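If you want the building blocks of each chain, they are given just below.
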Amino acid sequence: MGWWRISTDTLAGSRFVVSALAETSACLGALAKERTVHPGDRAWLDARLPAYRARLAGDPITALLLWATLRPRYIADFATPTPTGEPDLDFHQELARIRETPADRVHANLETALGGPVPRELHRSDLAERFADLLEWIWTEMIRPDWARRRRIIEADVVARTDQLTHGGWAAALDAMRPGMRWLGEGRLQVNPYDYPPRDLSSVRLLFVPVTAGFGWVSWEAGRYAVVYPCSGVLAAPDPAPVPDALGALLGHARAKVLMLLDAPKSTTQLVALTGQGLGSVGRHLKVLLDAGLVRRRRAGRSVLYYRTAAGDVLVTAQAR
């Protein structure tokens, strides 16, 4: 199995990063595999697959490049640059690192991914540009219109993971972060189930990068290591329907929004991230809803989760009609 030995200092200095490029790359992975991990993504995928297939059908070189880049056990390194960790980088600033990759490095990365020679049709100098153009098209047509919602989900996951870290330590925060990943103890993190040599992550920057699309990977370069992982299923579910006017008038829009989100159990910190409301405001809304018998709470490990009661479900359903 592939695992990393991570020093205490590296763990202490690690951070979570929001990356529009990683989100777009994860969505490309879903389109290329024509499958999703979270059931809530299925409608998004089905709606966009026809345009994606048509684009590749009209560009066989890019289609072949994608096949050579996204291998079952390995992604060619040029396609997934490790985030820098700098705040406020926009999508095109991140994408420039792919677009500017030298042709010889792209070819070398493809050889590694393929485990052999690169197809003759890919012996050309514009492969990085082509791959970047595909990602830019996916971002513009399929991700950017929905980026505000996706970013809320990503930020909610960061809040939830941070809460897990605070209450349960690294084992709670990192276990099952992505398929095949688990905390082994004694500073060892299994990152995948494959038989790769271990890596020593002393004196490096360690970044955790959540994405909503359900696929992840690991990458490293220039003293930076990244774990790109899918947001939890509860958070990655589609947004609930908008708050009905009648329900908003009855409870207040902010409190009604909290009630709408509790169709599945969520913690206070998750609700804060998903609603954009302050911790105190969410806490007051939950107390009113608890007193009214519209929600209940239960403990899960060290977290407290809130969920709608049958009465809360009836109220939401009735007001939505």
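Please refer to the structure placed before this passage.
Now for a quick tour of the structure. Keep in mind that this is a model prediction, so the values were computed, not measured. (Residues numbered from 1 in each chain as written. Predicted model: local features only at pLDDT ≥ 70, side-chain atom pairs only at ≥ 80, totals over all residues. Heavy atoms only, no water.)

1. Remarks on the side chain of S19
The criterion, for reference: Helical segments are the DSSP runs of H or I of at least four residues, strand segments are the runs of E of at least two, and each set is numbered from the N terminus. We define a polar contact as two N or O atoms separated by no more than 3.5 Å, with the added condition that, inside protein, one atom must be a possible hydrogen donor and the other a possible acceptor, whereas residues neighbouring each other in sequence contribute only through side-chain atom pairs.
With respect to the secondary-structure elements, S19 resides in the loop between β2 (15–16) and α2 (20–33). Of note is the side chain of S19, whose polar atom sits 3.0 Å from the backbone nitrogen of A22.

2. A closer look at the pairing of strand β7 (residues 217–221)
Here is the rule we go by: Pairing between two strands requires that DSSP report at least two bridges joining them.
In terms of strand pairing, β7 meets strand β8 (residues 224–230) through 5 bridges, oriented antiparallel. If you follow S219 over to β8, its bridge partner there is A226.

3. Let's talk about the pairing of strand β3 (residues 182–185)
Both β3 and strand β4 (residues 188–192) contribute to a ladder of 3 bridges, which runs antiparallel. Note that in β4 the partner of G185 across the bridge is R188. Linking two consecutive strands that pair antiparallel, namely β3 and β4, is a turn of 2 residues; a positive phi of about 55° is found at E186 within it.

4. Topic: the packing of aromatic side chains
In plain terms, the rule: Here a Phe, Tyr or Trp ring, Trp counted by its six-membered ring, pairs with any other such ring whose centre lies within 6.5 Å, and the pair is stacked when the planes are under 30 degrees apart, edge-to-face when over 60, and tilted otherwise. Relative accessibility decides the category of a residue: with a 1.4 Å probe and only protein chains considered, values under 20% of the type maximum give buried, values over 50% give exposed, and everything between is partly exposed. In this scheme, Lys NZ or Arg CZ marks a charge over a ring once it lies within 6 Å of the ring centre and within 35 degrees of the ring normal.
Applying the stated rule across the entire model yields 8 aromatic pairs. Ring centres of F16 and F208 lie 5.6 Å apart, and the angle between their planes is 40°; on these two criteria the pair is classed as tilted. Linking F16 in strand β2 with F208 in strand β6 (residues 205–211), this pair joins segments that are 192 residues apart in sequence. The exposure class of F208 is buried, given its relative accessible area of 1%. With centroids separated by 5.8 Å and ring planes inclined at 65°, the aromatic side chains of Y194 and Y196 adopt a geometry described as edge-to-face. Judged by its relative accessible area of 26%, Y194 falls in the partly exposed class. An aromatic cluster is built from W4, W220 and Y225, whose rings are joined through pairwise contacts. Geometry around Y194 places R73 over its ring, the cationic atom sitting 4.2 Å from the centre. Sitting over the ring of W3, R188 keeps its end group 5.8 Å from the ring centre.

5. Remarks on the packing of helix α3 (residues 42–57) against helix α7 (residues 127–143)
Helix-helix packing is characterised by the crossing angle of the two axes and by the distance between the axes. Our working rule: What counts as an axis is a line fitted to C-alpha atoms, over the stretch in contact for a helix, and the angles between N-to-C directions run from 0 to 180 degrees. Helix crossings fall into two classes, left-handed where the near helix is turned counterclockwise from the far one by less than a right angle and right-handed where it is turned clockwise. When checking whether two residues touch, look at their non-hydrogen atoms; a contact exists if any pair is within 4.5 Å. Just so you know the grouping, Ala, Val, Leu, Ile, Met, Phe, Trp, Tyr, Cys and Pro go in nonpolar, Asp, Glu, Lys and Arg go in charged, and all remaining residues, Gly too, go in polar.
At their nearest, the axes of α3 and α7 sit 12 Å apart, and the two run at 145° to each other. Crossing angle aside, the handedness with which α3 passes α7 is right-handed. Contacts between α3 and α7 pair W44, R48, A51, Y52, R55 and L56 from the former with D133, L134, W137, M142 and I143 from the latter. Considering only residue class, the contact of α3 with α7 consists of 8 nonpolar, no polar and 3 charged.

6. Points about the sheet that holds β2
Overall, mixed pairing links the 4 strands, which are arranged β2-β6-β8-β7 in an open sheet. Edge positions in the sheet fall to β2 and β7, since each has one partner strand and no second. When β6 meets β8, the two strands line up parallel, connected through 7 bridges. Note on β8: the bridge partner recorded for V209 is V228.

7. Some details on α7
Counting along an α-helix, one turn takes 3.6 residues, and residues three or four places apart therefore face a common direction. As a reminder of what qualifies: To estimate the expected span of a helix, subtract one from its residue number and multiply by 1.5 Å.
Between its first and last C-alpha atoms α7 spans 23 Å; for 17 residues at 1.5 Å apiece the expected length is 24 Å, and the two agree. Of all 17 residues making up α7, 12 are buried, and the element is well covered by its neighbours. Within the span of α7, buried status applies to L127, A128, R130, F131, A132, L134, L135, W137, I138, W139, M142 and I143. Among the structural elements, α2, α3, α4 (60–69), α5 (91–99), α6 (103–114) and α8 (147–174) are those in contact with the buried residues of α7.

8. Remarks on the nonpolar core
Nonpolar side chains in soluble globular proteins generally cluster together in the buried interior. As a reminder of what qualifies: Residue types Ala, Val, Leu, Ile, Met, Phe, Trp, Tyr and Cys, when buried and joined through side-chain atoms within 4.5 Å, form a set referred to as a nonpolar core.
Judged by nonpolar contacts, the single largest core of 50 residues is most densely connected at Y52, F78, L110 and F131. Here this core gets 11 residues from one element, more than from any other, and that element is α7. Among all residues touching Y52, those that are not within four sequence positions of it are L28, L31, A32, L66, W137 and M142. Counting 21 residues, the second-largest nonpolar core is a separate cluster that includes L251, M260, L261 and V316.

9. Some details on the packing of helix α12 (residues 268–275) against helix α13 (residues 279–291)
Worth spelling out the cut-off: Angular relationships are summarised with four words: roughly parallel below 35 degrees, roughly antiparallel beyond 145, roughly perpendicular across 65 to 115, and oblique for the angles in between.
Look at α12 against α13: their axes get within 9 Å of each other, and the N-to-C directions meet at 115°. Taken together, the axes of α12 and α13 are roughly perpendicular relative to one another. For α12 against α13, the interelement crossing comes out right-handed. Of α13, the residues touching α12 (which contributes T268, L271, V272 and T275) are L279, V282 and L286.

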